[in-house]
Amino acid sequence: MKHVTFIAAIVAVAGMAAGGAALAKGYGHHGPKMSFEEIDADGNGEVTKAEIQALKEARFSKADADGDGKLTLEEMQAHAQARANERAARMLERFDKDGDGALSKDEMPQPRRAGRMFDRMDADGSGGISKEEFEEARSRHGGKRWHGQGDETEQN
């Protein structure tokens, strides 16, 4: 029972910690993967509500450039842009195999499921997706378009 409570507490901590940054990062994004040690600021092996609150306040303060206790659209955009710049720099560093400071098409990371969705939709293995195969795949997904685009209640 202690383990279940501990795991639930860690999940809650991560959710609350990410929540403070959500406004500055935009809808649908998750906070950075923080270690327990980063959340446990005093290093005593236990995360307290005060540590979670301090983490949320620090993240908010980082985004609140003018320190007025409010996040304006400009502050949220600036914070999001700074994070995007950091991610792009890490991506370049990680995938630039030839070290030329740019990513070629061949160096771009490939999705883990690259091609598998197409292969699943191409039920008859013809190398193309017919309208019927397309509609069948759509119905298997409950009529939803992929990646949250379009009318999610649409079904043909």
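What counts, and where the lines are drawn
- Residues numbered from 1 in each chain as written.
- Predicted model: local features only at pLDDT ≥ 70, side-chain atom pairs only at ≥ 80, totals over all residues.
- Heavy atoms only, no water.
- Helix = DSSP H or I, 4+ residues; strand = E, 2+ residues; numbered from the N terminus.
- Buried < 20%, exposed > 50% of the residue type's maximum accessible area, 1.4 Å probe, protein only.
- Contact = heavy atoms within 4.5 Å.
- Areas by Shrake-Rupley, 256 points an atom, 1.4 Å probe, with all protein chains shown as cover.
- Salt bridge = Lys/Arg side-chain N within 4 Å of Asp/Glu carboxyl O.
- Lys, Arg positive; Asp, Glu negative; His and termini not counted.
- Polar contact = N/O pair within 3.5 Å; in protein donor to acceptor, adjacent residues only side chain to side chain.
- Patch = residues over 30% accessible without salt bridge, like charges linked within 9 Å, V, L, I, M, F, W, Y side chains within 5 Å.
- Charge placed at Lys NZ, Arg CZ, Asp CG, Glu CD.

Below, the discussion takes up the overall build of the protein. Scanning the protein from N- to C-terminus turns up six helices and zero strands. Scored against the burial criterion, the 156 residues of the protein give a buried share of 17%. For the protein, contacts bridging at least 24 residues in sequence account for 26% of all contacts bridging at least 6. Summed over all atoms, the accessible surface of the protein reaches about 11,900 Å², with 56% contributed by carbon and sulfur.

A word on the pattern of salt bridges. All told, the structure shown has two salt bridges when counted by the stated rule. Of the charged contacts in the structure, one is a salt bridge between Lys131 and Glu135, with a shortest N-O distance of 3.5 Å. With Lys131 and Glu135 both in helix 6 (residues 131-140) and four residues apart, the pair spans about one turn of that helix. Residue Glu135 is classed as buried on the basis of its relative accessible area of 17%.

Among the structural elements, Glu51 can be located in helix 3 (residues 49-63). Nearest to the buried, unbridged Glu51 among oppositely charged side chains is Lys49, at 13 Å. Here the side chain of Glu51 touches Ala41 through a polar contact of 3.1 Å, landing on its backbone nitrogen. Setting aside residues no more than four positions away along its own chain, Glu51 makes contact with Ile39, Asp40, Ala41, Asp42 and Glu46.

Note on placement: Glu75 falls in helix 4 (residues 73-95). A polar side-chain atom of Glu75 sits 2.9 Å from the main-chain amide nitrogen of Thr72.

With that out of the way, let us pick up a positive patch on the surface. On the surface, a cluster of positive charge is contributed by Arg112, Arg113, Arg116 and Arg120. Mapped onto the elements, Arg116 comes out in helix 5 (residues 116-121). Arg116 gets classed as partly exposed once you look at its relative accessible area, which sits at 46%.

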